[in-house]
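Letter by letter, the chains look like this.
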Amino acid sequence: MDFIAQIVFIIVLGVGVYFFYKSISRIRRNIQIGKDIDLTDNKPQRWKNMLRFAVGQGKMTKIKPIAGILHIFVYLGFVLINIEVAEIIIDGIAGTHRVFRPVLGGLYDFSIGFFEILGLLVIISCIIFLFRRNAMKIYRFQSPELKGWPFFDANVILVVEIVLMTALLVMNAADRHFQQDANMPVSGFIYPLFQNMSESTAYMWMQAAWWFHFAGILWFLNYVPYSKHLHIILAFPNTYFTNLNPKAKFQNNPLVANEVKAMMDPSFTPPAVENPRFGVKDVEDLTWKNLLDAYSCTECGRCTSVCPANTTGKLLSPRKVMMDTRDRLEEVGKIRAGAMPEPAEPKDLHTYITREELLACTTCNACVEVCPVNINPMEIIVNMRQYLVMEQSNAPQEWNMMFSNIENNGAPWQFAQSERGNWALDLEKESNKEENQI
Ligand code: SF4
Ligand code: SF4
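Residues numbered from 1 in each chain as written. Chains lettered and ligands numbered in written order. Predicted model: local features only at pLDDT ≥ 70, side-chain atom pairs only at ≥ 80, totals over all residues. Heavy atoms only, no water.

**Let's talk about the side chain of Ser317**
Tracing the chain through its elements places Ser317 in the loop between α17 (308–311) and α18 (318–336). Setting aside chain neighbours within four positions, we find Ser317 in contact with Glu145, Thr304 and Asn310. (Helix = DSSP H or I, 4+ residues; strand = E, 2+ residues; numbered from the N terminus. Contact = heavy atoms within 4.5 Å.)

This is the structure in structure tokens:
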């Protein structure tokens, strides 16, 4: 590699890494908009969760083993093959060629051969995924929230992965000195295409594939923060910081808990809170983990496909809840950073997620149970619903009656406590009658 090429390489690499750093900083800043929550307890369990769910695709392999295994190929293949990127970077900066080969010897050839097999598996898996997504009428890929950009995004990334892996294989195949010396399991079959070319033409092909692969990786790096594929990075922290409480355990709102405490204990005075907030109005009222969840969503739709509200024709889709939360967070982030003006009409998270959607949730936890990266859409729904009920007094009439009954009678029914046993009076008469008859 000549000196000019090295300079160009360093500039392109620097620009690509700089923009990636800017994007990741933006996402980090946005996640920090959320309320603080301590999720640092029980570290061994957290590492176990991360290994099981993010690395091992634990839920995917359990529910759909074939799809799970294909995901493992794509994921591991992508991560491991990019170890080769380290060599590309060193070669690009230092002007060397396959710098690791003299150092690693036979291990190098073995590793590249292994990467090639993984690359081929990635290509096959991506073709199957493209077919499933576009040709098979799978319900969870047809939902309204997947129209437009999410549909395009899902396809584009699969195509890019195929192209990047192909460039890698072409690069190895066109490297005639390498092919004459090593026995490559995949590129060895493509090598005959380059075998009869002149030395300089084969070299040109190898250089073109090398640059294409490198530029493609940089492009991918900068595309991912704007794509649902951000989960390939965030799945790790998201599974690590999974809430370890039992799924059905609701968090008490401390404001409500203090009010109840004051009712039960007149000597207790609740601490004064400036601008108290009951429930969630906007993304600032969610925790940072809820916001990390939103950025980690793979848009796979498994939550929606098991949601009893959605499958019985209600408007609610937990996947849409996560996508809406992310979209609103992006908007708030841009406004705060001065990259976007305040909208003329005031907006909040309820502008994105409607009352009808929120009220449809049965709090069954099925969405939480099935999510491959341990996202909790229900927590967002329940807390937004709390805002509707407690701050907006916007609960359905039937719910309001139930709340009044609980407040006045200590039970959801409209009977005074003294009348609760009345239902048994008739029973007593009936049983007396029966006894007399006997
Ligand atoms: S908890 Fe709510 S959103 Fe989640 S699956 Fe059940 S009904 Fe659907
Ligand atoms: S919340 Fe989980 S299950 Fe639902 S679409 Fe996102 S990643 Fe898939």
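**Regarding the site of ligand 1**
Inspection of the region around ligand 1 gives 13 residues, with Cys307, Cys361, Thr362, Cys364 and Cys367 positioned closest. Of all the elements in the fold, those that place two or more residues in the shell around ligand 1 are α21 (366–370) and α22 (377–390). Of the residues that constitute the shell around ligand 1, the class distribution is ten nonpolar, three polar and no charged. (Near = heavy atom within 4 Å. Nonpolar A, V, L, I, M, F, W, Y, C, P; charged D, E, K, R; others polar.)

**Notes on helix α5 (residues 83–94)**
In this model α5 runs 17 Å from its N-terminal to its C-terminal C-alpha over twelve residues, within 8% of the 16 Å that 1.5 Å per residue would give. The set of residues buried in α5 consists of Glu84, Val85, Glu87, Ile88, Asp91 and Gly92. The buried residues of α5 occupy an angular sector of 155° when the element is viewed end-on, so they sit on one face. Immediately downstream of α5, the backbone of Gly95 shows phi near 75°, a positive value. (Expected span 1.5 Å × (residues − 1). Buried < 20%, exposed > 50% of the residue type's maximum accessible area, 1.4 Å probe, protein only. Arc of directions from axis to C-beta.)

**As for the environment of Gln142**
Considering the arrangement of structural elements, one finds Gln142 in the loop between α7 (106–134) and α8 (149–173). Here the alpha-carbon distance between Gln142 and Ile89, two residues 53 residues apart in the chain, equals 41 Å.

**Looking at the site of ligand 2**
All residues adjacent to ligand 2 are Cys297, Thr298, Glu299, Cys300, Gly301, Cys303, Arg319, Met322, Cys371, Pro372 and Ile375. Residues of the shell around ligand 2, tallied by class, amount to seven nonpolar, two polar and two charged.

**Topic: a nonpolar patch on the surface**
On the surface, a nonpolar cluster with roughly 620 Å² of combined accessible area is contributed by Phe3, Ile7, Ile11, Val15, Tyr18 and Phe19. On the secondary structure map, Phe3 appears in helix α1 (residues 3–31). The exposed category is assigned to Phe3, whose relative accessible area is 61%. (Patch = residues over 30% accessible without salt bridge, like charges linked within 9 Å, V, L, I, M, F, W, Y side chains within 5 Å. Areas by Shrake-Rupley, 256 points an atom, 1.4 Å probe, with all protein chains shown as cover. Salt bridge = Lys/Arg side-chain N within 4 Å of Asp/Glu carboxyl O.)

**Description of the packing of aromatic side chains**
All chains considered together, the criterion is met by 16 aromatic pairs. Aromatic side chains Trp211 and Phe214 sit 6.0 Å apart centroid to centroid with 75° between the ring planes, which places their arrangement in the edge-to-face category. Taken together, the positions of Trp211 and Phe214, both in helix α12 (residues 199–223) and three residues apart, correspond to about one turn of that helix. On the basis of relative accessible area, Trp211 is assigned to the partly exposed category, the value being 24%. Residue classification places Phe214 among the buried residues on the basis of a relative accessible area of 3%. Look at Trp219 and Tyr223: their rings are 4.7 Å apart centre to centre, the planes differ by 15°, and that puts the pair in the stacked class. Here Tyr223 and Trp219 lie together in helix α12, a separation of four residues that amounts to about one turn. Through a chain of ring-to-ring contacts, the aromatic side chains of Phe9, Trp210, Trp211 and Phe214 assemble into a single cluster. (Phe/Tyr/Trp six-rings, centres within 6.5 Å; stacked < 30°, edge-to-face > 60°.)

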